[in-house]
Amino acid sequence: MRAAAAAAMAAAAGGSVPAPLRAFRLRGRGGAQKFGVAAGSLRGLLRKGCRLLQLPLAGSRLCLYEDGTELTESFFRALPPQTELVLLGPGETWRGCFSDVGQFLAAFHSQRDAVVEAAQKLLSGDLAPQRQKLLVDLLHNLDENILAEDKEEDKKWFEGLESRFKNKSSYMRYSCESRIRSYMKEVSGFISNVHPTARDAYKRIIDLMLDKLKSVKYNGCYFDRREEEAVRLCTVEGWFSCQGPFDRDYCPCKHSINPYSNRESRILFSTWNLDHIIEKKRTVVPELAEAVKTRDGREVNWEYFYQLLFTLDNLKLTASAS
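Not measured: the values here are computed from a predicted model.

Student: Can you explain the overall build of the chain? Please cite residues and give values.
Tutor: Counting its regular elements, the chain contains 11 helices and 8 strands. Nonlocal contacts in the chain, meaning residues at least 24 apart in sequence, comprise 63% of its contacts between residues at least 6 apart. For the chain, the exposed area adds up to about 17300 Å²; of that, 53% sits on carbon and sulfur atoms.

Written out as structure tokens, the structure reads:
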């Protein structure tokens, strides 16, 4: 939705003719009831919403229900009618659909009737399939032995794996290393396409990259939940979030998975991709070969290509369904 809105901003901006009224679906931070409100400007919609929900105008703001993006005037003008919005009072926050899930789970700690009512409201409406998936993923993992690390604590998780893996993190690290190794293999295999006069130089760069990969253990840290937060792609519990397809900055469906939780999730995670944003096969490797060919005695900045091929500078984790 952000991309579509951004594309329409230029056309929507400019002109002094009052904007026509458009209807939106508005709800508050703490409830599921929606109200139809029409306005021609963000300020006008905010004013009407605050009166309706009895919130102070000062400090209140509007955001998308879908992902929590806060609205600006230009962004508002680009939104299609009937977009679902959340009105936030001073100090309130909204994280998109995950906020709904959090409210639903909070009901477990109160009364049973509240759980039933919250579930009915949560699983109805246009976004019901998306919410259902979030709940299924979460509930599927609640009863699993997520925090277990060693083989003796969760033997079922290790079924089908080589006996050398004694804990979950060591296998997950190996899984990431295997992906990085396969990228290195592709780079090495491209040498047959390199101009004959440049192959020796290309081979020397491959050796330099290989030495660096060995020194960092093929960046297996990306999948290892025991690593520092700055270098791993998961939470300390092992939750991974889809970073969206290569041409988007986020995952609209908010896919998440914890391969540490159970054997099925471990297998499913193998279908997730650690993709290159700038394509490896079509762009990065051919450009590396061209740089080596046309270097005219100059040193090729091989570390630049290394970053594009093997690090998070150009890699993003995407769910197979993205």
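Student: Describe the environment of Ala39, naming the residues involved and giving the relevant values.
Tutor: With respect to the helices and strands, the residue Ala39 is situated in strand 2 (residues 35-39). With a relative accessible area of 2%, Ala39 lands in the buried category. In this structure the C-alpha to C-alpha distance between Ala39 and Ala19, which are 20 residues apart in sequence, comes to 8.7 Å. Excluding its chain neighbours within four sequence positions, the residues that come into contact with Ala39 are Pro20, Leu21, Arg22, Phe24, Gly44, Leu45, Lys48 and Phe76.

Student: How would you explain the sheet that holds strand 4 (residues 84-88) if you had to name every residue and give the values?
Tutor: Across the sheet, 4 strands lie side by side as 2-1-4-3; this open sheet has mixed pairing. Strands with a single pairing partner mark the edges of an open sheet, and in this sheet they are strand 2 and strand 3 (61-64). Ignoring which end each strand starts from, the neighbouring axes of this sheet average 45 degrees apart. Taken together, the 4 bridges between strand 1 (residues 22-28) and strand 4 define a ladder with parallel strand orientation. Paired with Leu26 across the two strands is Leu85, which belongs to strand 4. Set on the sheet, helix 2 (residues 42-53) makes contact with strand 1, strand 2, strand 3 and strand 4; between it and strand 2 the angle comes to about 145 degrees.

Student: An account of the packing of aromatic side chains is requested, with residue identities and associated values reported.
Tutor: Per the stated rule, a full pass over the model turns up 14 aromatic pairs. Taken together, a centroid distance of 5.6 Å and an interplanar angle of 40 degrees make the contact between Tyr65 and Trp94 tilted. Remark: Trp94 occurs in the loop between strand 4 and helix 4 (97-106) and Tyr65 occurs in the loop between strand 3 and helix 3 (73-78); sequence separation between them is 29 residues. For Tyr65, a relative accessible area of 1% puts it in the buried group. Look at Trp94 and you get buried, because its relative accessible area is 6%. Summarising the aromatic geometry, the rings of Trp157 and Phe158 are spaced 4.9 Å apart at their centres and angled 65 degrees between planes, so their arrangement reads as edge-to-face. The exposure class assigned to Trp157 is buried, which follows from its relative accessible area of 0%. Within the aromatic cluster, the residues linked to one another by ring pairs are Trp157, Phe158, Phe165, Tyr171 and Tyr174. For the cation-ring pair, Arg266 lies above Tyr171, with the distance from its terminal atom to the ring centre recorded as 5.6 Å.

Reading the values: the criteria
- Residues numbered from 1 in each chain as written.
- Predicted model: local features only at pLDDT ≥ 70, side-chain atom pairs only at ≥ 80, totals over all residues.
- Heavy atoms only, no water.
- Helix = DSSP H or I, 4+ residues; strand = E, 2+ residues; numbered from the N terminus.
- Contact = heavy atoms within 4.5 Å.
- Areas by Shrake-Rupley, 256 points an atom, 1.4 Å probe, with all protein chains shown as cover.
- Buried < 20%, exposed > 50% of the residue type's maximum accessible area, 1.4 Å probe, protein only.
- Pairing = 2+ DSSP bridges.
- Axes fitted to C-alpha atoms, helices over the stretch in contact; angles between N-to-C directions.
- Phe/Tyr/Trp six-rings, centres within 6.5 Å; stacked < 30°, edge-to-face > 60°.
- Lys NZ or Arg CZ within 6 Å of the ring centre and 35° of its normal.

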